[in-house]
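Given next are the chains, with one letter for each unit.
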Amino acid sequence: MDGNGRWAQQRGLERPEGHIAGVEAVRRALKAAAAEGVEYLTLYTFSTENWGRPKAEVDGIMELFCKSVVAETPELKAQGVRAKIMGDRSALSEKVNHYIDRIESETAEGDRITLIFAMNYSSRHEITESFKDMARRIAEGQLSPEEIDAETISRNLYSSDYPDPDLIIRTGGEYRLSNFLLWQAAYSELYFTPTLWPDFDKDSFREALDSYARRQRRYGLVETK
Ligand code: IPE
Ligand code: MG
């Protein structure tokens, strides 16, 4: 979800206004995804690198998350949404952790779509932690190096309960993954659009899915007729 700040600046607004508009775009994207039969929607909400932004902006994003949890939970439940958070929760405030627990527990029964917020997420950190964990288990004799395969590593990531993404959409005109799901994206289709996140709507989502539908996923194999 990139482009909130620029969206605000273009309108002569402060950056936080862009994040507020971004929440509206989340609501639309979720609705569109559920309507299209998407089963997992992961939103890169806050990266580990985002801590380096001005404190007021960081605090604003965290506050917006907490407020949105309160405001949106009834609707999420009504829509059959199961909300989950993925990332290093240890650096998030007690308050944010409280709201994470709240949204996860209150929506636990949702069976239509899983909405995953990547919060304080960094793919390299996730992979590093999983290596440490495996090294520890090897040292303790619970795991042998020969047992480690791609499956073992996948099971050791925050995303262990979710399938790899079929499609990764990046808004805001940047052509990079910025430390997002690097391991999981091995065979993901990538879609980049200049549309700023607050402008990303139902039609934009449809366009991304249409582009995905035209791709041929070969996974390193040759075309089969
Ligand atoms: C995305 O928009 C915000 C987050 C998810 C933290 P940005 O704040 O990065 O917006 P630009 O790139 O400055 O326009
Ligand atoms: Mg940005």
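See above for the structure.
Residues numbered from 1 in each chain as written. Chains lettered and ligands numbered in written order. Predicted model: local features only at pLDDT ≥ 70, side-chain atom pairs only at ≥ 80, totals over all residues. Heavy atoms only, no water.

**Some details on the packing of helix H3 (residues 55-78) against helix H4 (residues 94-106)**
Okay, so step 1: Remark: H3 packs on H4, axes separated minimally by 10 Å, with the N-to-C direction vectors making an angle of 10°. Our classification of the angle between H3 and H4 gives roughly parallel. Relative to H4, the crossing made by H3 is left-handed. Between H3 and H4, the residues in contact are Met62, Glu63, Phe65, Cys66, Val69, Val70, Thr73, Leu76 and Lys77 and Lys95, Val96, Tyr99, Ile100, Arg102, Ile103 and Glu106, respectively. (Axes fitted to C-alpha atoms, helices over the stretch in contact; angles between N-to-C directions. Helix = DSSP H or I, 4+ residues; strand = E, 2+ residues; numbered from the N terminus. Parallel < 35°, antiparallel > 145°, perpendicular 65-115°, else oblique. Left-handed = near helix turned anticlockwise from the far one by under 90°. Contact = heavy atoms within 4.5 Å.)

**Observations concerning the site of ligand 1**
Okay, so step 1: The immediate surroundings of ligand 1 are formed by 13 residues, with Met1, Asp2, Arg6, Arg15 and Arg53 found nearest.
Okay, so step 2: One nitrogen or oxygen atom from the main chain of Gly5 is found 2.9 Å from an oxygen atom belonging to ligand 1.
Okay, so step 3: Separating an oxygen atom of ligand 1 from a side-chain N or O atom of Arg15 is a distance of 2.8 Å.
Okay, so step 4: Those elements that provide at least two residues to the shell around ligand 1 are helix H1 (4-10), helix H2 (15-35) and strand E1 (40-47).
Okay, so step 5: The element that contributes the greatest number of residues to the shell around ligand 1 is H1, accounting for 3 residues.
Okay, so step 6: Per-class residue counts for the shell around ligand 1 are 3 nonpolar, 6 polar and 4 charged. (Near = heavy atom within 4 Å. Polar contact = N/O pair within 3.5 Å; in protein donor to acceptor, adjacent residues only side chain to side chain. Nonpolar A, V, L, I, M, F, W, Y, C, P; charged D, E, K, R; others polar.)

By themselves, these are just geometric observations and shouldn't be taken as functional.
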